[in-house]
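# Secondary and tertiary structure notes
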Amino acid sequence: MNPLRLRLGVLGLALLTGFTTPTAASAAEAAPSPTVEEQRLDGAVPREILRRSGFDTVAPRLGRALDAARSYGEARRVVAREGTELWRRAVDRAQGRGPAGGDLSRDDDRPLYWARLGMTREVRAWEPRFHLTHDQRAALLDELERTSRGQTALRYPHGKGLKRILVTGFDPFTLDRDIRISNPSGATALALDGTVIETADGPARIETAVFPVRWRDFTEGTVERTLRPYLPKVDLFTTVSQGRVGRFDVERTNGAWRGGFADNDNIGRTETVPVADPASQPQWTTTTLPYRAIVASDTGRFPVYDNTGVTEIPAGGTEPVVRPEGPTPGSTARAGGGGDYLSNEIAYRATLLRDRLGLHDLLPGGHVHTPVLQFGAGNTTEVTDPEFVRNRLDIITQVRTILRVAAEES
């Protein structure tokens, strides 16, 4: 890692794309401070994960390329190239292509996560030789986020006879509880991106993307921006996240409520899920995945449940009530089957988008929660162990089988 260069300032949130004429470095606006998420990079565990995967070279390479840039336009191209390369490299590593870069198992999603944070910290601290506005720096960060998450690399071959499946995963989270944590949904996204599964009805191509565990990004529409161009074209989609210990859940109902749990920047939100056109916003959305067939099939070692429970404020009531069989008419959401965190929110946003596109009765889609990825018994300090790897590989394999069942039943 390059030495951290702290500067005062506030990151602008507008996403502009203009080009600037180089000016004196002294005219540049001050670089913003690193985020809470980026500050965790200095810990021993992130450094070990990056070193043992060979991804410790990623951020310094971006830093050198940025230092050579002579304009905002050139910097934008550098960021897009390096972000795209990080996603490609992470997918290749997970799928056994190219060098492993170290002794960390190839199925590990954490090198992508920590390398991306190293890159965003480089962009945030960068002091160019030309004038760079806060808005332009924000646009560079946005470009880096999208390209390094596979959100700009969703590609399906043309032609008939091939089903198209879209899958999303998440970054690791609750890192202040255990900074070693991995997210099996992110690992699944890397393992399955661009792969083809054989179904009884023919081949099905899977494309994937990964999303941040940050309320702000969801408020700004990252889910809708990424999924809107593809939902009308795919045959099946599912958002995936880490859920409960020892089980998979197909979440039947998603709620329009944020419960306040802190995200990866240690920011919480307690409010109705903010979406476009809130006047027409429903309190609940539902899965259109073939959940009965998924639950009835032997998909792997973990049991799979049709989870119907929600928490609601009943019509005319004031206090939350748990409803094991789902919401009652006129109720207000307080938690979907997937809870009130970003797992529930991505499911809510994706299925609401499906419905607003007029695809409710045409497109199977919903949310699948994986088991919690656990370390082996007694491991409280090591970044990996054989049981940890086995659990992650088994979860990835079972998600693939769930997708096959869903594709065959759709």
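As the structure is a prediction and not an experimental result, all values here were calculated from the model. (Residues numbered from 1 in each chain as written. Predicted model: local features only at pLDDT ≥ 70, side-chain atom pairs only at ≥ 80, totals over all residues. Heavy atoms only, no water.)

## Focus on the overall build of the protein chain
Put simply, the rule is: Helix and strand definitions here come from DSSP, where helices need a minimum of 4 consecutive H or I residues and strands a minimum of 2 consecutive E residues; each element is numbered from the N-terminal end. Only C-alpha atoms enter the radius of gyration; for comparison, a globular chain is expected to reach 2.2 Å times N to the power 0.38, where N is the number of residues. Only protein chains enter the area calculation, which uses a 1.4 Å probe; residues under 20% of their type maximum are buried, those over 50% are exposed, and those in between are partly exposed. Residue contacts are defined here by distance: any two heavy atoms, one from each residue, within 4.5 Å place the two residues in contact. For the area figures, the Shrake-Rupley method with a 1.4 Å probe applies, and any residue is considered shielded solely by the protein chains shown. As used throughout, the charge tally considers Lys and Arg to be positive and Asp and Glu to be negative, leaving His and the chain termini uncounted. To locate a charge, take NZ of a lysine, CZ of an arginine, CG of an aspartate or CD of a glutamate.
Secondary structure summary: the protein chain contains twelve helices and 14 strands in total. Its C-alpha radius of gyration of 21 Å places the protein chain within 12% of the 22 Å reference for a compact globule of 410 residues. Seen through its C-alpha atoms, the protein chain measures out along the principal axes to roughly 65 × 50 × 50 Å. Out of the 410 residues belonging to the protein chain, those deemed buried represent 57%. Sequence separation of 24 or more characterises 78% of the internal contacts of the protein chain that already satisfy a separation of 6 or more. On the protein chain, roughly 16500 Å² of surface is accessible, and the fraction owed to carbon and sulfur atoms is 54%. Positive and negative charge centroids in the protein chain, built from 53 and 53 side chains respectively, lie 4 Å apart.

## Section: the sheet that holds strand S11 (residues 310–313)
Paired through their backbone hydrogen bonds, the strands of a sheet run either parallel or antiparallel. Put simply, the test is: Here the rule is simple: two strands pair whenever DSSP picks up at least two bridges between them. An axis is simply a line fitted to the C-alpha atoms; with a helix, the fit covers only the stretch in contact. Between two such axes, the angle follows the N-to-C directions and lies from 0 to 180 degrees.
Strand order across the open sheet formed by three strands is S12-S11-S13, with antiparallel pairing between neighbours. The open sheet terminates on both sides in strands that have one partner only, identified here as strand S12 (321–323) and strand S13 (332–335). Across the sheet, the mean angle from the axis of one strand to that of its neighbour is 40 degrees, orientation sign disregarded. Summarising the sheet, S11 and S12 pair through three bridges and their orientation is antiparallel. By the bridge assignment for S12, Val310 is matched with Arg323.

## Things to note about the pattern of salt bridges
Condition: Whenever Lys or Arg places a side-chain nitrogen within 4 Å of a carboxyl oxygen from Asp or Glu, that contact is recorded as a salt bridge.
A full pass over the atoms with the stated rule returns 40 salt bridges. We note a salt bridge from Arg116 to Asp171, for which the minimum N-O separation is 3.3 Å. Here the residue Arg116 occupies a position in helix H5 (residues 110–125), and Asp171 occupies one in the loop between strand S1 (163–170) and helix H7 (184–192), the gap between them amounting to 55 residues. Considered together, Arg116 and Asp171 belong to a single accessibility category, that of buried residues. Put simply, Arg149 and Glu145 hold a salt bridge, and the shortest N to O gap is 2.7 Å. A residue is classified by how much of its surface remains accessible, and Arg149, at 1% relative accessible area, is buried. Of the residues examined, Glu145 reaches a relative accessible area of 13% and is grouped as buried. Through salt bridges that share partners, Glu37, Arg116, Glu145, Arg149, Asp171, Arg214, Arg216, Asp217 and Asp265 make up one connected network.

## A short note on the sheet that holds strand S4 (residues 236–242)
Spatial strand order, S2-S3-S1-S4-S14-S5-S10: seven strands in an open sheet with mixed pairing. Two strands in the sheet have a free side with no partner beyond their single neighbour: strand S2 (196–199) and strand S10 (304–307). With direction set aside, neighbouring strand axes in the sheet form an average angle of 25 degrees. As paired strands, S1 and strand S3 (residues 202–211) are joined by eight bridges and run parallel to one another. Along S3, the bridge assignment pairs Gly169 with Val210.

## What to know about the confidence of the model for the protein chain
Formally: Think of pLDDT as the predictor's per-residue confidence, scored from 0 to 100.
The pLDDT averaged across the protein chain works out to 93; a share of 93% of its residues lies at or above 70. Contacts from residues 1–27, a stretch scored under 50 in pLDDT, to residues over four places away or in other chains number 70 contacts.

## Examining the pairing of S4
The element S4 is largely enclosed, with a buried count of seven among its seven residues. Residues Leu236, Thr238, Val240 and Gln242 line one face of S4 and the alternating positions Phe237, Thr239 and Ser241 line the opposite face, and both faces are buried. Judged from the four bridges that link them, S1 and S4 form a sheet pairing that is parallel. When the sheet's bridge partners are listed, Ile165 is paired in S4 with Leu236.

## Some details on the environment of Asp277
Put simply, the test is: Nitrogen and oxygen atoms within 3.5 Å of one another constitute a polar contact, given that in protein one can donate a hydrogen and the other can accept it, and given that sequence-neighbouring residues count only through two side-chain atoms.
Along the chain, Asp277 turns up in the loop between strand S8 (270–272) and strand S9 (284–286). On the accessibility criterion, Asp277 (46% relative accessible area) is partly exposed. Distance from Asp277 to His158, taken between C-alpha atoms, is 34 Å for residues 119 residues apart in sequence. Of the polar contacts made by the side chain of Asp277, one reaches the side chain of Ser280; its length is 2.7 Å.

## A few points about the pairing of S3
Taking burial as the measure, the ten residues of S3 include nine buried ones, the bulk of the element. Taken together, the four bridges between S2 and S3 define a ladder with antiparallel strand orientation. Bridged to Glu198 within S3 is Pro203. In this structure, the hairpin formed by S2 and S3 is closed by a connection of two residues.

## Some points on the packing of helix H2 (residues 44–51) against H5
Between two packed helices, what matters for the description is the angle formed by their axes and the separation of those axes. Rule in force here: The scheme is simple: roughly parallel for angles under 35 degrees, roughly antiparallel for over 145, roughly perpendicular for 65 to 115, oblique for anything else. Note on convention: near helix rotated counterclockwise from far helix by under a right angle means a left-handed crossing. Clockwise means right-handed. Put simply, Ala, Val, Leu, Ile, Met, Phe, Trp, Tyr, Cys and Pro go in the nonpolar bin, Asp, Glu, Lys and Arg in the charged bin, and everything else, Gly too, in the polar bin.
Running from N to C, H2 and H5 cross one another at 110 degrees; their axes reach a closest spacing of 9 Å. If you check the angle between H2 and H5, you find them roughly perpendicular. As for how H2 packs across H5, the hand of that crossing is left-handed. Contacts from Pro46, Ile49 and Leu50 in H2 reach Arg110, Pro111, Trp114 and Ala115 in H5. For the contact of H2 with H5, the class distribution of residues is six nonpolar, no polar and one charged.

## Overview of helix H11 (residues 342–356)
Selection rule: Given a helix with a known number of residues, its expected span is that number minus one, times 1.5 Å.
An ideal rise of 1.5 Å per residue puts 21 Å on 15 residues; H11 measures up with 20 Å between its terminal C-alpha atoms. The buried fraction of H11 amounts to 13 of the 15 residues, a majority that puts the element mostly inside the structure. Residue Gly358 follows H11 closely and has a positive phi angle near 75 degrees.

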